[in-house]
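Commentary on secondary and tertiary structure
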Amino acid sequence: MKRILFILTSLYIGILAAQAANLYWNVEHEIDPGLREISFGDMEGLSDKVIAERFADFKKEQAKMEQDLPYPGGESAGDAVKRAFPVLERIAKGPEKQVVVVSHGCLIRSLVAHILGINLAKLGIFGKGMENSSITELTYDPELDQFRLERFNDYAHLEKYPELLRAAWVDAEN
């Protein structure tokens, strides 16, 4: 069995988090663009308030969880899975026994939904937000060529630091 740990980071600190982790582990690492966050297209860089105003119709349709809608000018969860899942399979079938992947919330949710066979339109069932630095753990069984979800959005290691949790600094998440 191979362990694959996904550590969630914000879009802007992903590379820094990977480099910081590598100071501790001192192992080979790579940056693979296939594991970047889903493209939010026209919404990128906008505040929650602006998104709520400009993209109200999109957000309303997305909340229904009936279709895997692409973000306006961006990707759908299915688009993200098409580029990221082959990378995950390559990692899983590689020689390492354990791998740490630093990535982002929508991508992690999309991959987990795909692995569990959940309709990608239903990503909202995974909750509104994932904690930065949370751990999502997959195992891969090469004999069955199968992934298993061992833990999702685990942030127990942060509970001693409530100021780091989303509730302390995020009003709303899109």
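As a starting point, this report considers the structure included with it. Because the structure is a prediction, the values reported are computed rather than measured. (Residues numbered from 1 in each chain as written. Predicted model: local features only at pLDDT ≥ 70, side-chain atom pairs only at ≥ 80, totals over all residues. Heavy atoms only, no water.)

1. Some thoughts on the overall build of the chain
Convention followed: Helix numbering and strand numbering both begin at the N terminus, where a helix is a DSSP run of H or I of at least 4 residues and a strand a DSSP run of E of at least 2. Radius of gyration here uses only the C-alpha atoms, and the compact-globule reference equals 2.2 Å multiplied by the residue count raised to the power 0.38. A 1.4 Å probe rolled over the protein chains alone gives each residue an accessible area, and that area as a share of the maximum for its type sets the label: buried under 20%, exposed over 50%, partly exposed in between. Working definition of accessibility: Shrake-Rupley area with a 1.4 Å probe, residue cover restricted to the visible protein chains. All tallies of charge rest on Lys and Arg as positive and Asp and Glu as negative; His and the ends of each chain are not included. For the purpose of locating charges, the reference atoms are NZ of Lys, CZ of Arg, CG of Asp and CD of Glu.
On a plain count of helices and strands, the chain comes out with five helices and four strands. N-terminal to C-terminal, the α/β element order of the chain is β-α-α-α-α-β-α-β-β. Relative to a compact globule of 174 residues, whose C-alpha radius of gyration would be 16 Å, the chain shows 16 Å and is just as compact. Along the first, second and third principal axes, the C-alpha set of the chain runs to 50 × 35 × 25 Å. When burial is assessed residue by residue, the chain has 39% of its 174 residues classed as buried. Surface exposure of the chain reaches about 10400 Å², of which carbon and sulfur atoms provide 54%. Charged side chains in the chain number 20 positive and 27 negative. The centres of these two groups are separated by 2 Å.

2. Topic: the packing of aromatic side chains
Heads up, the rule is: Side-chain rings of Phe, Tyr and Trp (the six-membered ring for Trp) are treated as a pair once their centres are within 6.5 Å; stacked means planes under 30 degrees apart, edge-to-face means over 60, and tilted covers the remaining angles.
Considering all chains together, one arrives at five aromatic pairs under this definition. Relative to Tyr-71, the ring of Phe-40 has its centre 4.8 Å away and its plane inclined at 85°; by these criteria the two rings are edge-to-face. You can see Phe-40 sitting in the loop between helix 1 (14-25) and helix 2 (48-54) and its partner Tyr-71 sitting in the loop between helix 3 (56-64) and helix 4 (77-92), a full 31 residues away along the chain. By relative accessible area, Tyr-71 is classed as buried at 7%.

3. Remarks on the pairing of strand 4 (residues 146-154)
This is how it is decided: Pairing between strands is defined by DSSP: at least two bridges between the two strands are required.
Pairing geometry for strand 3 (residues 135-141) and strand 4, over six bridges, is antiparallel. Following the sheet pairing, Asp-141 is matched in strand 4 by Gln-146. If you look at the hairpin formed by strand 3 and strand 4, you'll find four residues sitting between the two strands, and Asp-145 has a positive phi there, around 50°.

4. Some words on the nonpolar core
We apply this condition: Grouping buried Ala, Val, Leu, Ile, Met, Phe, Trp, Tyr and Cys residues that are joined through side-chain atoms within 4.5 Å yields what is termed a nonpolar core. The contact definition used throughout considers only heavy atoms, calling two residues in contact when any of these lie within 4.5 Å.
In this structure, Ile-4, Phe-6, Leu-88 and Phe-147 are the most contacted members of the largest nonpolar core, which totals 35 residues. If you list the elements that add at least two residues to this core, you get strand 1 (2-8), helix 4, strand 2 (98-103), helix 5 (105-116) and strand 3. Among the elements that take part in this core, helix 4 stands out by supplying nine residues, more than any other. Apart from the residues within four sequence positions on either side, Phe-147 is in contact with Ile-4, Phe-85, Leu-88, Glu-89, Ala-92, Ile-115, Leu-138, Thr-139 and Tyr-140.

5. What to know about the side chain of Arg-109
Under the convention used in this document: Nitrogen and oxygen atoms within 3.5 Å of one another constitute a polar contact, given that in protein one can donate a hydrogen and the other can accept it, and given that sequence-neighbouring residues count only through two side-chain atoms.
Relative to the elements of secondary structure, Arg-109 occurs in helix 5. At a separation of 2.8 Å, a polar atom in the side chain of Arg-109 contacts the main-chain carbonyl oxygen of Gly-127.

6. Concerning the packing of helix 4 against helix 5
Definition in use: Note on definitions: angles span 0 to 180 degrees between N-to-C directions of axes, and those axes are lines fitted to C-alpha atoms, for helices only across the stretch in contact. Any angle that falls under 35 degrees is termed roughly parallel, while one over 145 is termed roughly antiparallel, one within 65 to 115 roughly perpendicular, and all others oblique. Polar here means any residue outside two lists: the nonpolar Ala, Val, Leu, Ile, Met, Phe, Trp, Tyr, Cys and Pro, and the charged Asp, Glu, Lys and Arg; Gly therefore counts as polar.
Closest axis-to-axis distance for the helix 4/helix 5 pair is 9 Å, and the angle between their directions is 80°. By the criterion of interaxial angle, the relationship of helix 4 to helix 5 is roughly perpendicular. Facing helix 4, whose interface residues are Ala-77, Ala-80, Val-81, Arg-83, Ala-84, Phe-85 and Leu-88, helix 5 presents Leu-107, Ser-110, Leu-111, His-114 and Ile-115. Its residues assigned to classes, the contact of helix 4 with helix 5 shows nine nonpolar, two polar and one charged.

7. With respect to the environment of Met-43
Checked against the element boundaries, Met-43 lands in the loop between helix 1 and helix 2. Under the relative-accessibility criterion, Met-43 is labelled buried at 4%. Put simply, Met-43 and Gly-74 are 31 residues apart on the chain and 8.5 Å apart in space, counted from C-alpha to C-alpha. If sequence neighbours within four positions are ignored, Met-43 has contacts with Ile-51, Phe-55, Phe-58, Lys-59, Tyr-71 and Pro-72.

8. Comments concerning the pattern of salt bridges
Any two side chains of opposite charge can pair if their charged atoms end up close together. Stated formally: When a carboxyl oxygen of Asp or Glu lies within 4 Å of a side-chain nitrogen of Lys or Arg, that pair is called a salt bridge.
By the definition in use, this model includes nine salt bridges. Salt-bridge contacts for Asp-141 lead to Arg-148; the nearest nitrogen and oxygen are separated by 4.0 Å. Assessed through its relative accessible area of 13%, Asp-141 is described here as buried. Judged by relative accessible area, which is 31%, Arg-148 ranks as partly exposed. Connected through shared salt-bridge partners, Arg-3, Glu-137, Arg-151 and Asp-154 make up one network.

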